[in-house]
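Observations on the model geometry
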Amino acid sequence: MNAPIDGLRTPSGGLVDRTRRISFSFDGRSYEGIEGDTLASALLANGVHLTGRSFKYHRPRGILAAGSEEPNALVTVSRDAARVTPNLRATQVELYAGLIAESQNRWPSLERDFGRINDLLSAFFPAGFYYKTFMWPRKAWKALYEPVIRRAAGLGRAPTHADPDRYAQRYAHCDVLVVGAGPAGIAAALTAAASGARVMLCDETAQFGGSLLADGGALIDGLAAQAWVRQAIESLQSNRRVTLLKRTTAFGYFPHNFVGLNERLNDHCEKPPQHQPRERLWQVRAKQVVLATGAIERPLVFPGNDRPGILLAGAAQTYLNRYGVRVGTRAVIVTSGDDAYQTALDLKAAGIVVAAVADLRPEAIGALPEAVRQAGIEVLPASTVLGTEGDLRVKAITLGRVEAGSIQPGQRFECDVVLMSGGFTPSVHLFSQSRGKLQWSDALKAFVPAVSAEQERSAGACRGVYDLGDVLADGAAAGTAAGEPAATGAAQRRFSVSAPKRGSESYLGVLPQATSPSGDKSFVDWQHDVTTRDLALATREGFQSIEHVKRYTTMGMATDQGKTSNLNAMAIVAKSLAVAIPQVGLTTFRMPYTPVTFGSMAGTSRGDLFDPVRTTPTHAWAQARGAVFENVALWKRARYFPRGNEDMHAAVARECRAVRNACGIFDASTLGKIEVVGPDAAEFMNRLYVNNWANLGVGRSRYGILLREDGFIYDDGVVARTAADRFHVTTTTGGAPRVLGLMEDYRQTEWPDLKVWLTSTTEQWAVIAVQGPNARLVLESMVEGIDISAAAWPHMSVARGKICGVPMLLFRVSFTGELGFEINVPSDYGQSVWEAVFAAGRQHGITEYGTETMHVLRAEKGYIIIGQDTDGTVTPDDAGLTWAIGKNKTDFVGKRSLDRASMKAADRKQLVGLRAKQPGVVLEEGAQVAEKPGQQPPMILIGHVTSSYASSVLGHSIALGLVAGGRARIGQTLYVPMPNGDLEVEVTSPVFYDPTGARING
Amino acid sequence: MLIIDCPYCGKRPEIEFSYGGQAHLARPQQPAQLDDQAWAEFLYMRTNIKGVYAERWRHARGCGRFFNALRDTTTDHFLAFYKTGEPRPTLPAQHERTT
Amino acid sequence: MADATTRSLPSAAATQWLMSMPPAARFVLHGDAAARAAAAPVWGTAFAEQACRAEIGNGRAALWLGPDEYLLLSADIESEAALAASLEQALGDLPHALVNISHRQFALEIRGPHAATILSGACPLDLDLAEFPIGMCTRTALAKADIVLWRTAAEVFHLEVWRSFSGYVTGLLNEIALEFHRV
Ligand SMILES: [Zn+2]
């Protein structure tokens, strides 16, 4: 273990517990931190600034900030092979005992990195380099460029095992959602809660208080800032209508005040509680939103501004006051305003040598600069920065003096930290996501919220209000207004505040430089390595829109989305285009504010719960019989029932023969069922389906076809009339919801005058198909109340009766071409009745069969499957189903479209049979059909195979296909081109088996 | 996720609804009377408005009813909800821009 | 033979907080106010005119599902057929649709201090007692399943779930509830 560098941790102060020491490792070396540390504060306490390599040039980079805006210190934190989280900001990672973190984007190590050569060769890596360079030869991409780029460009590594943790989601509703628990947010939550509103207050950090946590001296209502925060949070906690969420990032603002929050419940725990989700995604609907998202300190752009040890001044103050960490021993502060002077005083009081405060302003006057001078610190107004030195850590800075517009060389200071402050940039990300309109403020040199698009208001620093007293008042006013949007003139809560006045002076763009500046780069976007030169190049090459400059230079496109860089970039682009900043425009803020894990987004939708798995009443029976299941829509259906060592082919061949020669039993429960009831039921069906329903008698059924208005087949199924005013409509398994939706659409919006109603009965009935020449033998002794003899009960009959003592709706219907029945019984009886039929069928050779056998049997008969033999462009005539269309009907859905000339063209693709000349060859479904053999691509193709099977009953393979002018080609030889040559096929009728239908009527 | 004010059930989250496309398109009483061009217009031609759009929604995972809404496609804000069959409501002048 | 025919129920959840309810007789009644007026005396409960409200009495319930759609529940499964017949008789020639859906769905009851919170893990509605009071019922979403949700007491919710979704819905609720009800 490395001994901590003595003296970097202050002896007292801050929100850390020095008695609780925590060991952790970073890049394989052990360190010690204390309770309350982040990884960043602990590393700094150990003197470690170097935490990463930059993305493009692999320059050494250190911790820049103290919050979620950190662009440099990205780390991978891992607990085991499955729990590896890359791209975490060290500034947000809370320390726990045994934490293992690694730096990223370096190889082989942080100190010696081969990629650094990119920096030396950087003249060859300008903006747009990737667009310009890796164009050709094409083959080099896979072999050369891509592997190299991927290794060089990687940010972190992904876990190698499936994520074992649980992730939860929750919908939440509130009157007021307050985002950000700094002074403005807390004040807003207090006043909103006081009005009785349901309030949610969230903050991305582990502790409420925001900037107050790093504030050394402020008094609020007579209390020290941190004590005031404690008291306020306690008061909110005691209110049952308030929900407080720590470690919770509001990452996305969606229409109608729908806000996504990501709560991290136990990433900070040494041992996460066993049943607790790791993260929770909150989907919050708020009547009112108060954004109190604060502001981010703006870095300064000067040559060599990216060396480790160069930090934001406010970050240094936070590390000192909140974590008790001195970021260095000898500091130079470069600032555009008064704020950093307070930092200078705080640092000096903590024993850090402040070599100088370089002020960019021509003069440094006022109470704070005066106090700093009084403290014996050199103050240098009219300063600029000409360069820095140091390899893995800054060791000196050279200042310049701005005199009458020219740059004079200034002093060189040795130092181990440079603290910079360019003022503040309000965090308007969420406001902008909400589609609120921003306005440029010349005074603040920043965009601030102007016009809200939602029931939303911003408060505090995120709208450019910086002085603590004003911030609290602003937050309180926002909370009052949000809590009681109807009330006007409510008394405003005031806070008595004693704190140094906060300045709002800020700086934008590049610091003044001599005409031939030093060779070092001036970074604008740390994370994506975008420099002033890249931006200049982009504008020189003609990019004028900030959105284009962004994409060309990748500025602001890294995981930090340019939190610290966007405004400086805009200013630089504006200057080089010689336009005002608002004219350059602002790039779009997008969710997420900070990265959100896939686990959080997925929530419970994984594994068995990814999608509902729907099972039928006989599922357990099929499982016990060893069925192999397939997914059909959300259903699990038994596909085949292998016996012994049978593969699918053998099992299906056996099942097919059993149905054709004896009897099979099949679960058809998944078919959609819709009960169409009412005095106008027949009229409704007539208007909707192609068939004529008026002449369908009670107790009879018919094969129905439903088109869309464009004339193409939408669904099909057997429709039975069970009473004068009642139809039992069946649909395809997957089509049930959309058919019901289409029916409801016409019923409600086109024909509201019809007295008819629709009820889904799909799951009311278990459907047991008994098919085959022995089917009647099996059932005749079981069926009560229906004479199912051939004479009394022809094909397509329907009747109510009983079986096994339970009510039944019995169909004589066949999707196999054999004599067939479909027993409908209430679902809870499904398994019991199935078992009884199966037992009774034993002596007649009954065999259970699955969907694969069903497919073969129906294909042998040329029966289509919607979605397999049709594809949304097939008319009834194309499918050979013109016979189903009701004669003399003047209208039905889709009829007018069928009358268009193109729908009757002779060369439309028509359903035909395709029989391979080699009987053992099973064509590939989806294979194309050609008229001429031996073609080379691009071929002239006239159709494709839609269904294809080996038929054990026929002794040869069969296929259905859609072929242009197919019916006129029956008897012709066509060709199915395959990688190994053409397969010859004969065009046949789609009905391969029992073309006269003798068996079905048996 | 939008909030949609079902005329029957009140304000509900978008996840309960299915979208139904442009509103106020009535199926012709006698389609056979239409020539191909007119039929194609009915079948395929839809407006795509930047501004206030009358559209259909169905409270599919709720009361099941179709209804209509006026939505500003530039803001996703709804300006009115009304039952199927009711005329399109007149809005205050500032909303009636349709480009 | 009837004796041998047993009901196989879709769900057997039985914990402190999640219970499968016994089978019930269920009907969907579609029709206008006249149809409801005719059915109410036979059914024995009123039919709420207010949207999303249930009326209960004598082991029966009538839940508003849509402006002309009600879900009728009766604990008495023995008289399912007789109930249907007497409703049809009372409705007579009034335009209506009465459909037996006793087996289409089953019921779960979620109870306890975490009931609303657990449901909020997958249901997008505001289940605060003021927003979703006792007696409120509606079809809604529970993640990827559609359910009918009915609050029967401050901390008791009745869910009607299509039977094939039983594994998904009970699995989902158990997963969500794990952090509240440690096994
Ligand atoms: Zn509704």
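Residues numbered from 1 in each chain as written. Chains lettered and ligands numbered in written order. Predicted model: local features only at pLDDT ≥ 70, side-chain atom pairs only at ≥ 80, totals over all residues. Heavy atoms only, no water.

1. Describing the overall build of chain A
For the record, the criterion: Working definition: helices are DSSP H or I runs of at least four residues, strands are E runs of at least two. Numbering for both runs from the N terminus. Using a 1.4 Å probe on the protein chains alone, a residue whose accessible area is under 20% of its type maximum counts as buried, one over 50% counts as exposed, and one in between counts as partly exposed. Contacts: residue pairs with any heavy atoms within 4.5 Å of one another. Computed with a 1.4 Å probe, the accessible areas rest on the Shrake-Rupley method; for each residue, only the protein chains presented here act as cover. Counted charges follow a simple rule, with Lys and Arg positive, Asp and Glu negative, and His plus the chain ends left uncounted. Here the site of a charge means NZ on Lys, CZ on Arg, CG on Asp, or CD on Glu.
Along its length, chain A carries 24 helices and 51 strands. The C-alpha extent of chain A, read off along each of the three principal axes, is 115 × 70 × 60 Å. Within chain A, the proportion of its 1002 residues that are buried is 60%. Sequence-distant contacts in chain A: of pairs separated by 6 or more residues, those separated by 24 or more amount to 66%. Entry remark: accessible area of chain A is about 38300 Å², with carbon and sulfur atoms responsible for 53%. Taking the average place of the 106 positive charges on the side chains of chain A and the average place of its 100 negative ones, the gap between the two points comes to 1 Å.

2. So, the interface of chain B and chain A
Test applied: Reported buried area values correspond to the accessible surface (1.4 Å probe) lost by two parts on association, with both partners' losses combined. Criterion for a salt bridge: a side-chain nitrogen of Lys or Arg within 4 Å of a carboxyl oxygen of Asp or Glu. Polar contacts, as counted here, are pairs of nitrogen or oxygen atoms within 3.5 Å of one another; within protein the pair requires one atom able to donate a hydrogen and one able to accept it, and residues that are adjacent in sequence qualify only if both atoms are side-chain atoms.
Between chain B and chain A, the contact holds 29 residues from the first and 27 residues from the second. Roughly 2300 Å² of surface becomes buried between chain B and chain A when both sides are summed, with 48% attributable to carbon and sulfur atoms. Linking chain B to chain A there are five salt bridges. Put simply, E709 of chain A and R27 of chain B hold a salt bridge, and the shortest N to O gap is 2.5 Å. Counting across the chain B and chain A interface gives 19 residue pairs in polar contact (both at pLDDT 80 or more). Sorting the residues of the side of chain B that touches chain A by element identifies α1 (36-44), β4 (52-58) and β6 (77-83) of chain B as the ones contributing at least two each.

3. Thoughts on the coordination of the zinc ion
Residue and element names in this part refer to chain B. Put simply, the rule reads: Keep in mind that water is not among the atoms, so a site may look incomplete; donors are the N, O and S atoms within 2.8 Å of the metal, or 3.2 Å for Na, K and Ca. Geometry assignment treats four donors as tetrahedral when all angles are between 85 and 135 degrees, treats four as square planar and six as octahedral when opposite donors are over 155 degrees apart and all others between 65 and 115, and treats everything else as irregular.
The protein atoms that coordinate the zinc ion are C6 (SG), C9 (SG), H59 (ND1) and C63 (SG), at distances of 2.0 to 2.4 Å. Given four donor atoms and angles of 104 to 117° at the metal, the environment of the zinc ion is assigned as tetrahedral. Sequence positions of the residues that donate to the zinc ion give the spacing C-x2-C-x49-H-x3-C. In this pair, C9 sits in the loop between β1 (3-6) and β2 (10-13) while C63 sits in the loop between β4 and β5 (66-72), placing the two residues 54 residues apart along the sequence.

4. As for the nonpolar core
Residues and elements named next belong to chain A. Put simply, the rule is: Residues belong to a common nonpolar core when they are buried Ala, Val, Leu, Ile, Met, Phe, Trp, Tyr or Cys residues joined through side-chain atoms within 4.5 Å.
Counting residues in each nonpolar core, the largest one holds 78 residues, and the members touching the most others are F24, L39, L99, Y319, V334, I397 and L419. Sorting elements by how many residues they give to this core places helix α1 (residues 39-45) first, with six residues. Those residues in contact with V334 that lie beyond four places of it in its chain are L300, A358, L360, V385, I397, V418, L419, M420 and S421.

5. Points about the interface of chain C and chain A
To be explicit about the condition: Residues were grouped as follows: Ala, Val, Leu, Ile, Met, Phe, Trp, Tyr, Cys and Pro as nonpolar; Asp, Glu, Lys and Arg as charged; and all remaining residues, including Gly, as polar.
At the interface, 49 residues of chain C touch 47 residues of chain A. A combined buried area of about 4100 Å² lies between chain C and chain A, and 55% of that area is made up of carbon and sulfur atoms. Looking at the side of chain C facing chain A, the largest losses of area belong to H103, S164 and E179 of chain C, adding up to 14% of the total buried there. A salt bridge links D126 of chain C to R198 of chain A, with the shortest nitrogen-to-oxygen separation between them at 2.5 Å. Contributing elements (two or more residues each) for the side of chain C that touches chain A: β2 (25-31), β6 (96-100) and α4 (166-177) of chain C. Taken together, the residues of the side of chain C that touches chain A break down into 23 nonpolar, 14 polar and twelve charged.

6. Some details on the pattern of salt bridges
In the structure shown here, the tally under the stated rule is 67 salt bridges over all chains. The salt bridge partner of R241 of chain A is D175 of chain A, with a shortest N-O separation of 3.8 Å. One end of the pair, R241 of chain A, is in the loop between α6 (225-237) and β12 (242-245); the other, D175 of chain A, is in strand β8 (residues 167-179), with 66 residues separating them in the sequence. Judged by its relative accessible area of 30%, R241 of chain A is partly exposed. With its nearest N and O atoms 2.8 Å apart, the salt bridge here joins D891 of chain A to R27 of chain B. Of this pair, D891 of chain A sits in the loop between α23 (851-860) and α24 (895-898) while R27 of chain B sits in the loop between β3 (18-22) and α1, placing the two residues on different chains.

7. Things to note about helix α2 (residues 80-91) of chain C
This is how the line gets drawn: Each helix should span, by expectation, one fewer than its residue count multiplied by 1.5 Å.
For α2 of chain C, which comprises twelve residues, the first-to-last C-alpha distance of 17 Å matches the rise-based estimate of 16 Å (1.5 Å per residue) to within 8%. Along its buried surface, α2 of chain C packs onto β2, α1 (33-43), β4 (60-66), β5 (69-74) and β6 of chain C.

8. Some points on the pairing of strand β13 (residues 248-254) of chain A
All names here are of chain A. Note the following rule: Strands qualify as paired when DSSP identifies two bridges or more between them.
Where burial is concerned, most of β13 is hidden: six out of the seven residues are buried. As defined by bridge partners, β13 adjoins strand β14 (residues 258-264) across six bridges and the pair is classed as antiparallel. Along β14, the bridge assignment pairs G252 with G260. Connecting the antiparallel pair β13 and β14 is a turn made up of three residues, with H256 showing a positive phi of about 60°.

9. Observations regarding the packing of aromatic side chains
Residue and element names in this part refer to chain A. The cut-off we apply is this: Only Phe, Tyr and Trp rings take part, Trp by its six-membered ring, and two of them pair if their centres are within 6.5 Å. Stacked means planes under 30 degrees apart, edge-to-face means over 60, and tilted covers everything else. Note on criteria: charge over ring means Lys NZ or Arg CZ within 6 Å of the ring centre, with the direction from the centre no more than 35 degrees off the ring normal.
According to the stated counting rule, one finds 28 aromatic pairs over all chains in the structure shown. On the numbers, 6.4 Å between centres and 55° between planes, the contact of F254 with F258 is tilted. Arranged with centres 6.3 Å apart and planes meeting at 10°, the rings of W793 and F821 form a pair that is stacked. Here F821 lies in strand β44 (residues 820-826) and W793 lies in the loop between β41 (783-784) and β42 (798-803), a separation of 28 residues in the sequence. Of the residues examined, W793 reaches a relative accessible area of 7% and is grouped as buried. In this structure, R660 packs its charged tip against the face of Y993, placed 4.0 Å from the ring centre.

10. Points about the state of the cysteines
To keep it simple, the criterion reads: Throughout, disulfides are identified as pairs of cysteine sulfur atoms within 2.5 Å of each other.
Following the criterion strictly, the structure yields zero disulfides over all chains and no others. Cysteine C656 of chain A shares no disulfide, and the gap to the nearest cysteine sulfur, in C663 of chain A, comes to 14 Å. In this structure C123 of chain C is not part of a disulfide, and its nearest cysteine sulfur, from C52 of chain C, lies 12 Å away.

11. Topic: the sheet that holds strand β18 (residues 330-335) of chain A
All names here are of chain A. This is how it is decided: The angle between two axes is taken between their N-to-C directions and runs from 0 to 180 degrees, where each axis is a line fitted to C-alpha atoms and a helix contributes only its stretch in contact.
Strands sit in the order β17-β24-β18-β19-β20 across an open sheet of five strands; the sheet is parallel. Only two strands of the sheet have a single neighbouring strand rather than two, namely β17 (310-312) and β20 (379-380). Relative to strand β24 (residues 417-421), β17 is paired through three bridges, and the arrangement is parallel. Each bridged residue has a counterpart across the sheet, and for L311 the counterpart in β24 is L419. Together, β17 and β24 form the strand contacts of helix α7 (residues 313-321), whose direction differs from that of β17 by roughly 85°.

12. With respect to helix α22 (residues 830-841) of chain A
Its twelve residues give α22 of chain A an end-to-end C-alpha distance of 16 Å, which sits within 8% of 16 Å, the value for a rise of 1.5 Å per residue. Burial in α22 of chain A covers these residues: G830, Q831, S832, V833, W834, V837, F838 and G841 of chain A.

13. Brief notes about the confidence of the model for chain C
Keep this limit in mind: Each residue gets a pLDDT score, which is the predictor's confidence in that residue and runs from 0 to 100.
Chain-level pLDDT for chain C is 95 on average; 97% of the residues reach the 70-or-more range. Scoring the predicted complex yields pTM 0.94 and, for the interface, ipTM 0.97.

14. Points about empty space enclosed by the protein
Leftover empty space is mapped by rolling, across the atoms, a probe with the size of a water molecule. Residues and elements named next belong to chain A. Cut-off, in case you're wondering: Here a cavity denotes grid points, spaced 1 Å and computed from the protein atoms alone, that fit a 1.4 Å probe unable to get out, and a pocket denotes an open set having protein on both sides within 12 Å along at least 5 of 7 lines; residues with an atom within 4 Å of a point are the lining. Grid points are joined across faces, edges and corners, and a volume is the space filled by probe spheres set on the points.
Enumeration over the complete set of coordinates arrives at eight cavities of 30 Å³ or more. Along the wall of the largest cavity there are 16 residues; nearest its centre are T425, P426, N566, L567 and F589. At the level of elements, β25 (424-426) and α14 (566-577) are the ones that each hand at least two residues to the lining of the largest cavity. Classifying every residue of the lining of the largest cavity by side-chain character gives seven nonpolar, seven polar and two charged.

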